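Overview (structure and organization)
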Amino acid sequence: IMNENETLVKLMKDMGEGVEKFKAKYDGRVANMEKQLNAIETAVARGQLPGGGGSSLSGFGSGIDPQATREHRDQFLAYLRKGGNEAALRDLQVKAELSTMDDPAGGFTVIPELERNIDRVLSASSAIRRVAQVKTITTGEYKRLISQGGTESGWVAEKTSRDETDPPELKQITINAAELYANPKITQILLDDSAYDVAGWLESEIATEFSEQEGEAFISGNGVGKPKGLLAYDTVANASYAWGKLGYIASGHATLLNDADKLISLQHALKPAYQDQACWIMNASTLETVRKFKDGEGNYLWRPGLLDGAPEILLGKPVFVDEFMDDIGAGKYPIAYGNFQKGYLIVERKGISILRDPYSAKPYIYFYSRKRVGGAVIMYEAIKLLKIASS
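The structure contained in this document is the topic of the report that follows. Predicted model only: the values in this text are computed from it and were never measured.

Some points on the overall build of the chain
Within the chain, the secondary structure is distributed over 10 helices and 16 strands. Scored against the burial criterion, the 391 residues of the chain give a buried share of 38%. Excluding contacts between residues fewer than 6 apart, the proportion of contacts in the chain whose partners are at least 24 apart in sequence is 73%. Element-wise, carbon and sulfur atoms account for 51% of the exposed surface of the chain, whose accessible area totals about 21900 Å².

This is the structure in structure tokens:
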């Protein structure tokens, strides 16, 4: 009997140890899963996901504190209303990896969901921002080497000597991220009203101002303290195209756009390599003129978008309306056609910062808001213009 009891005790002891080992093993897995879920929650809140090469997260558990992210959001909204503890807010935004402690211009980084909503408005209102390449940078400027081609090549027999070939010519393009600001104001009485949507108001004010300033600069900005716009570059008749200038097709009339064939010529001025993602950009007034063009059989060249929110179609390519494009007039460039993904680059430093100013215009509170953005043509042959001119 004693042997049986000992055996039973040993069996129960072994089972207990087995349960403890099982518990320790899976407690660790559960803890790791919780850690990963917290990282995912933070990444989603900030509009980032690991992988794909575009996220600042190197993997799950990268050191971002989800609690700090939530506390930063609460502190930021409190700062908008009352000012709050600025030292604590700055510490929280560093912990949430939204900025560093060093910000010589002052201000605080907006919460990620507010920034995403502002970016969404900017993208929806600017045709160039919708079709161009947009790149986030961490410095004040972006440099890129562009090959102009020109590498020599040829056919040779197996034992024939190979002449040395010239290397391709490279051009360095530098795009500076200029500072764009908005300074909306509101009364403290409205801020004291807990039912008033301060974040929504601020989002609307900043997005409206930024979208107007950006939209104009991407089309006509001179590149001095702002992006260099599409229509600010030197141009040349496409038959004499040279790197560094945008090629154009003349409308055939000194003041009017009245020849639909010129649109076909403009489209075919673009090399086949750029046609895949090509599209049209013009303002609403020009689009009205273009919509009335018909082919030889009386069919309209323009076609409405087949799906809700889809762009209209002209000669098989999407049409985007941008009110900052030129109107039809002598010497103007009312239509651009090209592959803007390859032809135009927008760079911006991530993060919109806000500085609360309760002193400059009492009883109003100013919210000085700023972001850094730049833009420039990076591939001249990928964009063509229509010029209102007889030749």
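Now that the structure is up, let's keep going.
Focus: the nonpolar core
If you look at the biggest cluster of nonpolar residues, it comprises 82 residues, and the most contacted ones within it are I128, W280, I335, Y344 and F367. Ranked by the residues each element gives to this core, the list is headed by helix α7 (residues 198–220), at eight residues.

A closer look at helix α8 (residues 261–269)
Among all positions in α8, only L263, L266, Q267 and A269 are buried. For α8, the angular spread of the buried residues around the axis is 160°, confining them to a single face.

Looking at unusual backbone geometry
Between K362 and the following residue, P363, the backbone shows a cis peptide bond with an omega angle of 5°. Of note, P363 is situated in the loop between β14 (344–357) and β15 (364–377). In this structure, L315 is a non-glycine residue whose phi angle is positive, near 50°. Checked against the element boundaries, L315 lands in the loop between β11 (312–314) and β12 (317–321).

What to know about the environment of E141
Summarising the element assignment, E141 is placed in strand β3 (residues 141–147). With 35 residues separating them in the primary sequence, E141 and N176 have C-alpha atoms 4.3 Å apart. Excluding residues that lie within four positions of it along the chain, E141 makes contacts with T174, I175, N176 and A177.

Thoughts on the pattern of salt bridges
Tallying each qualifying case throughout the model produces eight salt bridges. A salt bridge links K82 to D192, with the nearest nitrogen and oxygen atoms 2.8 Å apart. Taken together, the residues span a long stretch of sequence, with K82 in helix α2 (residues 66–82) and D192 in helix α6 (residues 188–192) at a distance of 110 residues. With relative accessibility at 41%, the residue D192 sits in the partly exposed group. Across the salt bridge formed by E348 and R129, the nearest N and O atoms sit 3.0 Å from each other.

A closer look at the sheet that holds strand β9 (residues 279–282)
The strand order across the open sheet formed by eight strands is β7-β8-β16-β13-β9-β12-β11-β10, and the pairing between neighbours is mixed. A single partner strand is all that each edge strand has here, and the edge strands are β7 (235–237) and β10 (302–303). Here β10 runs beside β11; their pairing, made up of two bridges, is antiparallel. Counterpart to R303 in the pairing with β11 is I313. Relative to strand β16 (residues 383–387), α8 is tilted by about 155°, and along the sheet it contacts β8 (246–250), β9, β11, β12, β13 (335–338) and β16. Of the strands in this sheet, β9, β10, β11, β12 and β13 touch helix α9 (residues 284–291), which is tilted by about 120° from β9.

Quick word on the packing of aromatic side chains
Summed over all chains, the structure comprises seven aromatic pairs. Relative to Y344, the ring of F218 lies with its centre 6.2 Å away and its plane at 70°, an arrangement referred to as edge-to-face. With F218 in helix α7 and Y344 in strand β14, the pair connects residues that are 126 residues apart, well separated along the chain. The exposure class assigned to F218 is buried, which follows from its relative accessible area of 0%. Ring geometry for W243 against Y380: centres 5.1 Å apart, planes inclined by 75°, an arrangement best described as edge-to-face.

Description of the side chain of N283
Along the polypeptide, N283 turns up in the loop between β9 and α9. Judged by its relative accessible area of 1%, N283 falls in the buried class. Here T286 takes part through its backbone nitrogen, which lies 2.8 Å from a polar atom of the side chain of N283. A polar contact is formed between the side chain of N283 and the side chain of D327, at a distance of 2.8 Å.

Some remarks on the environment of Y142
Its location among the elements puts Y142 in strand β3. On the basis of relative accessibility, which here comes to 15%, the residue Y142 falls in the buried class. In this structure, the C-alpha to C-alpha distance between Y142 and I175, residues 33 residues apart in sequence, is 5.1 Å. Other than its neighbours up to four places away in sequence, Y142 contacts K135, I137, I173, T174, I175, L345 and V347.

Regarding the packing of helix α4 (residues 112–125) against α7
Two numbers describe how α4 lies on α7: the axes approach to 9 Å, and their chain directions differ by 35°. When the axes of α4 and α7 are compared, the crossing they make is right-handed. Contact with α4, carried on its side by L114, N117, I118, V121, L122 and S125, involves A199, L202, E203, I206, A207, F210, S211 and E214 of α7 and no other residues of that element. Within the contact of α4 with α7, the residues separate by chemical class into nine nonpolar, three polar and two charged.

A look at the pairing of β13
Taking every second residue as pointing to the same face, both faces of β13 are buried, with I335 and Y337 on one and A336 and G338 on the other. Sheet topology note: the β9/β13 ladder contains three bridges and is antiparallel. Bridge pairing links W280 to Y337 in β13. In this structure, β13 lies alongside β16, joined through four bridges in antiparallel fashion. Residue pairing across strands places Y337 opposite K384, the latter belonging to β16.

Calculation rules
- Residues numbered from 1 in each chain as written.
- Predicted model: local features only at pLDDT ≥ 70, side-chain atom pairs only at ≥ 80, totals over all residues.
- Heavy atoms only, no water.
- Helix = DSSP H or I, 4+ residues; strand = E, 2+ residues; numbered from the N terminus.
- Buried < 20%, exposed > 50% of the residue type's maximum accessible area, 1.4 Å probe, protein only.
- Contact = heavy atoms within 4.5 Å.
- Areas by Shrake-Rupley, 256 points an atom, 1.4 Å probe, with all protein chains shown as cover.
- Core = buried A, V, L, I, M, F, W, Y, C linked by side-chain atoms within 4.5 Å.
- Arc of directions from axis to C-beta.
- Salt bridge = Lys/Arg side-chain N within 4 Å of Asp/Glu carboxyl O.
- Pairing = 2+ DSSP bridges.
- Axes fitted to C-alpha atoms, helices over the stretch in contact; angles between N-to-C directions.
- Phe/Tyr/Trp six-rings, centres within 6.5 Å; stacked < 30°, edge-to-face > 60°.
- Polar contact = N/O pair within 3.5 Å; in protein donor to acceptor, adjacent residues only side chain to side chain.
- Left-handed = near helix turned anticlockwise from the far one by under 90°.
- Nonpolar A, V, L, I, M, F, W, Y, C, P; charged D, E, K, R; others polar.

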